[in-house]
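# Results of the structural survey
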Amino acid sequence: MDTNHNRIKVSDLEKNESGKILTTNTNGELEFTNINTIKVDGYNALDYNQEGKVLDARQGKVLKDLIDNSKDTLKTYFDMLYLGISNNQNVSGIKTFLAGKLGLRNTANTFTSFFSNTNTASRTYAFQDKSGTVADLTDLAGKMNVPSGVINKISKFSTTSTIGNSRITDDGTNLGIDNQWPILSDFSFGSLKNRRVDIENSESQTEGRSLILAAGKASNTSFSSTNFVKTQDHSYGWSCIDIHKNGDTYACIYNGDIYKKTAGTSNFIPLGQTARTWHSIKCMQNGDVYACGWRTDIYKQTAGTGDFMPLGQAVRTWNSISQDLNGDIYAVCLALPSAIFKQTAGVGDFVLWQSFGFIITGLDFASNGDAYLTGFGNDIHKKVYGASSFGATNQGAKNWFSVKCAPNGDVYAGISGDNNIGGTSGDVYKKTAGTNDFIPLGQTTRSWRSLASNSLGDIYAATFDGIFHLNLSQTGAPNLNGGALKLIGGTGKGSGTSEVQFFTGQKTVSGADMQTETLRAHINENGYMIWANMPTYADNVAAIAGGLPVGCEYKTATGDRKIVY
């Protein structure tokens with residue numbers, strides 16, 4: 001039997017004592033030993049990577065402190081690179097982290113001294129996002145040119161790398177060359193010397209090129225049927241516009257006069273009316289013209305002649321005036337109250353017709369009798385002919401300000417802000433043939449305060465930026481004039497001369513000889529046409545024999561003026 005085993009003292013087992021642990025003594029015997037006398041191996045488990053080594057409490061505390069400190073250090077470092085907040089942050093006053101981007105600046109908030117070491121030689125710095133190079137200031141200094149120009153002078157390259165002033169001036173309205181004084185015409189030369197405008201000489205194998213001066217032509221072409229184009233009228237603060245059945249156009253200036261452009265003419269003429277805050281003008285079926293404004297009476301010009309006379313109506317915030325198929329006239333009061341007032345058959349006072357719970361701005365009647373009403377910050381409302389009330393058309397709450405029913409059934413509505421009721425500018429909208437929704441036409445954002453239509457269906461708009469025209473008729477207006485080509489001799493002073501002279505080249509015998517410029521005729525300051533060398537022949541036969549073409553003028557020896565036939 002194997003006797004190689006530990007023994008235990010029975011006496012020890014018979015004692016009932018606490019704080020003992022079973023151990024092996026030097027003789028190999030098992031005995032109970034006080035737990036406090038156990039000897040612990042004196043090693044640091046953090047120094048070992050072999051099995052069996054364990055951490056005691058002291059070593060564990062050291063490890064925990066190390067981890068905690070490392071976490072704090074790493075958090076501070078990564079917070080510098082990846083800020084978790086959305087607003088701008090400065091780190092050490094040098095690097096600026098912006099929302100969605102990284103900005104670099106120094107403590108002086110300038111774009112210098114980004115690098116700790118001063119550059120001692122030319123060098124480039126690569127930007128990886130663009131794969132390009134940027135030279136430092138020393139390299140750039142010789143390449144940069146900051147010109148010191150003259151206001152309104154067009155620049156030119158003085159050398160291959162520098163920019164200077166040219167001889168051309170563009171003041172934003174007119175162009176000039178070598179001008180010393182303000183430019184008063186579309187194009188002007190300076191008065192330092194005589195000037196000549198021509199086409200350069202052709203080389204020896206090419207004919208000389210023609211120079212054509214042509215005035216503007218009238219046209220049957222509509223260059224834009226989709227956009228409102230600014231007319232040549234002055235850019236006054238136009239507030240309203242309408243077109244008379246005789247073709248005359250009326251337009252008003254906000255806080256100004258009423259203007260009229262007679263059919264077939266090109267300019268608006270002031271009618272000398274008292275300046276008022278005009279908001280609407282309307283040409284009626286019988287030829288009368290009505291006008292009204294903000295906190296004014298309603299005024300009438302009878303049959304399109306004379307002054308606009310007050311009708312003695314209550315002073316209200318009148319914003320629009322229109323007429324239905326029956327000849328009744330309606331005036332829109334924008335606010336206080338928001339209501340429409342009616343004058344039956346153009347006679348008597350305007351009486352309350354219908355009130356609204358929102359700001360109303362414009363009213364017009366279509367050729368089928370339907371009525372359209374615009375609501376500011378509201379909707380466009382429609383009253384079908386014969387109905388008793390208006391209903392919303394669900395076009396959205398916009399600053400609807402003006403409305404116009406065209407002869408072809410299309411309906412236009414304009415967006416506008418107003419100094420009195422606020423709001424912002426916008427587009428022009430179109431409802432085709434009175435059906436479907438109003439569709440934006442994509443016009444430049446403006447205050448489209450008033451819309452009008454002529455007999456051809458073209459649409460005109462009055463805005464504070466000028467008068468605009470939507471050309472929808474290809475043939476346009478009849479009997480239009482062409483532009484005049486005017487040759488003007490410079491006017492003299494006192495008894496000085498003023499002439500228009502005509503030159504051509506004089507034929508030569510040899511085909512290789514150059515012709516010379518020769519004066520043929522001139523018109524002097526008295527309007528006399530003077531021939532420089534009118535040919536002289538005895539009669540028609542002699543003139544033809546002498547080489548004169550049919551239609552050419554000549555004179556006889558006695559001074560009689562003749563024409564070759």
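Owing to the predicted nature of the structure, the values given are computational and were not obtained by experimental measurement.

### Section: the overall build of the protein
For the protein, the helix and strand inventory stands at four helices and 41 strands. Among the 565 residues that make up the protein, the fraction classed as buried is 33%. In the protein, 30% of the contacts between residues at least 6 apart in sequence involve partners at least 24 apart. Per element, the accessible surface of the protein, about 36,700 Å² overall, is 52% carbon and sulfur.

### Description of the confidence of the model for the protein
The pLDDT averaged across the protein works out to 84; a share of 80% of its residues lies at or above 70. Counting interchain partners and residues more than four positions distant, the pLDDT-below-50 stretch residues 111-116 has seven contacts. pLDDT under 50 marks residues 126-132. Its contacts with residues more than four places away, or in other chains, come to four contacts.

### A look at the packing of aromatic side chains
Across all of its chains, the model carries 21 aromatic pairs by this definition. On the basis of an interplanar angle of 65 degrees and a centroid distance of 5.9 Å, the ring pair of Phe356 and Phe390 is categorised as edge-to-face. With Phe356 in the loop between β25 (351-355) and β26 (360-365) and Phe390 in the loop between β28 (380-383) and β29 (391-392), this pair connects stretches of sequence that are 34 residues apart. For the pair Phe356 and Phe390, a shared accessibility class is recorded, and that class is buried. Residues Trp400 and Tyr429 carry aromatic rings whose centres are separated by 4.9 Å and whose planes lie at 70 degrees to one another, so their mutual orientation is edge-to-face. Taken as a pair, Trp400 in strand β30 (residues 398-405) and Tyr429 in strand β32 (residues 428-431) lie far apart in primary sequence, 29 residues in all. On the basis of relative accessible area, Trp400 is assigned to the buried category, the value being 0%. You can call Tyr429 buried: its relative accessible area is 13%.

### Points about the sheet that holds strand β37 (residues 500-506)
The sheet built from three strands is open, its strands ordered β37-β38-β39 with antiparallel pairing. A single partner strand is all that each edge strand has here, and the edge strands are β37 and β39 (529-531). Taken over all neighbouring pairs, the strand axes of this sheet differ in orientation by 35 degrees on average, direction set aside. Direction of pairing for β37 relative to strand β38 (residues 516-523): antiparallel, over a ladder of seven bridges. Bridging from a neighbouring strand, Gln501 pairs with His522 of β38.

### What about the environment of Thr536?
Summarising the element assignment, Thr536 is placed in the loop between β39 and α4 (540-545). Taking the C-alpha atoms as reference points, Thr536 and Lys555, 19 residues apart in sequence, are found 4.9 Å from one another. Leaving out residues up to four positions away in the same chain, Thr536 has contacts with Lys555, Thr556 and Ala557. Looking at Thr536, its side chain comes within polar contact range of the side chain of Lys555, at 2.4 Å.

### A few points about the pattern of salt bridges
Tallied over the full model, the rule gives 15 salt bridges. For the salt bridge of Asp364 with Lys404, the shortest nitrogen-to-oxygen distance reads 3.7 Å. In this pair, Asp364 sits in strand β26 while Lys404 sits in strand β30, placing the two residues 40 residues apart along the sequence. Like Lys404, Asp364 is buried. Overlapping salt bridges bring together Arg167, Asp178 and Arg195 as one network.

### Here's the deal with the sheet that holds strand β12 (residues 187-189)
Taken in spatial order, the four strands line up as β9-β10-β11-β12 in an open sheet, and their pairing is mixed. Of all strands in the sheet, those with a lone pairing partner are β9 (153-157) and β12, marking the two edges. Averaged over all adjacent pairs, the angle separating strand axes in this sheet is 40 degrees, with direction ignored.

### Brief notes about the layout of surface pockets
If you add up the space inside the second largest pocket, you get close to 1,800 Å³. Along its surface, the second largest pocket is lined by 38 residues, and Arg196, Val197, Asp198, Leu211 and Glu517 are the ones closest to its centre. Of all the secondary structure elements, the ones that give two or more residues to the lining of the second largest pocket are β37 and β38. At six residues, β37 tops the list of elements feeding residues into the lining of the second largest pocket. Along the lines of polarity and charge, the residues of the lining of the second largest pocket split into eleven nonpolar, 16 polar and eleven charged.

### A closer look at a nonpolar patch on the surface
A cluster of nonpolar side chains, Ile154, Ile168, Leu175, Phe187, Phe189 and Val197, forms an exposed patch at the surface whose accessible area comes to about 490 Å². As for its placement among the helices and strands, Leu175 is situated in strand β11 (residues 175-177). The class of Leu175 is partly exposed, set by a relative accessible area of 35%.

### Here's the deal with empty space enclosed by the protein
Under the definition given, this model contains one cavity of 30 Å³ or more. By volume, the largest cavity is sized at about 220 Å³. What lines the largest cavity is a set of 22 residues, and nearest its centre among them are Ser280, Ser320, Val403, Ser450 and Leu451. Counting residues per element, the ones that place at least two in the lining of the largest cavity are β14 (238-243), β18 (276-283), β22 (316-323), β26, β30 and β34 (450-453). For the lining of the largest cavity, a count of residues per class yields eight nonpolar, nine polar and five charged.

### Some details on unusual backbone geometry
The omega torsion across Leu336 and Pro337 is 0 degrees, close enough to zero to call that bond cis. Along the chain, Pro337 falls in the loop between β23 (329-333) and β24 (339-343). Although it is not a glycine, Asn255 sits at a positive phi angle of roughly 60 degrees. Positionally, Asn255 belongs in strand β15 (residues 249-256). Overall, Asn255 belongs to the partly exposed group, its relative accessible area being 48%. For Ala303, which is not glycine, the phi torsion reads 55 degrees and is therefore positive. Mapping Ala303 onto the fold places it in the loop between β20 (298-301) and β21 (309-310).

Here is what the cut-offs are and how they apply
Residues numbered from 1 in each chain as written. Predicted model: local features only at pLDDT ≥ 70, side-chain atom pairs only at ≥ 80, totals over all residues. Heavy atoms only, no water. Helix = DSSP H or I, 4+ residues; strand = E, 2+ residues; numbered from the N terminus. Buried < 20%, exposed > 50% of the residue type's maximum accessible area, 1.4 Å probe, protein only. Contact = heavy atoms within 4.5 Å. Areas by Shrake-Rupley, 256 points an atom, 1.4 Å probe, with all protein chains shown as cover. pLDDT = per-residue confidence, 0-100. Phe/Tyr/Trp six-rings, centres within 6.5 Å; stacked < 30°, edge-to-face > 60°. Pairing = 2+ DSSP bridges. Axes fitted to C-alpha atoms, helices over the stretch in contact; angles between N-to-C directions. Polar contact = N/O pair within 3.5 Å; in protein donor to acceptor, adjacent residues only side chain to side chain. Salt bridge = Lys/Arg side-chain N within 4 Å of Asp/Glu carboxyl O. 1 Å grid on protein atoms, 1.4 Å probe; cavity = no way out; pocket = protein on both sides within 12 Å on 5 of 7 lines; lining within 4 Å. Points joined across faces, edges and corners; volume = space filled by probe spheres on them. Nonpolar A, V, L, I, M, F, W, Y, C, P; charged D, E, K, R; others polar. Patch = residues over 30% accessible without salt bridge, like charges linked within 9 Å, V, L, I, M, F, W, Y side chains within 5 Å.

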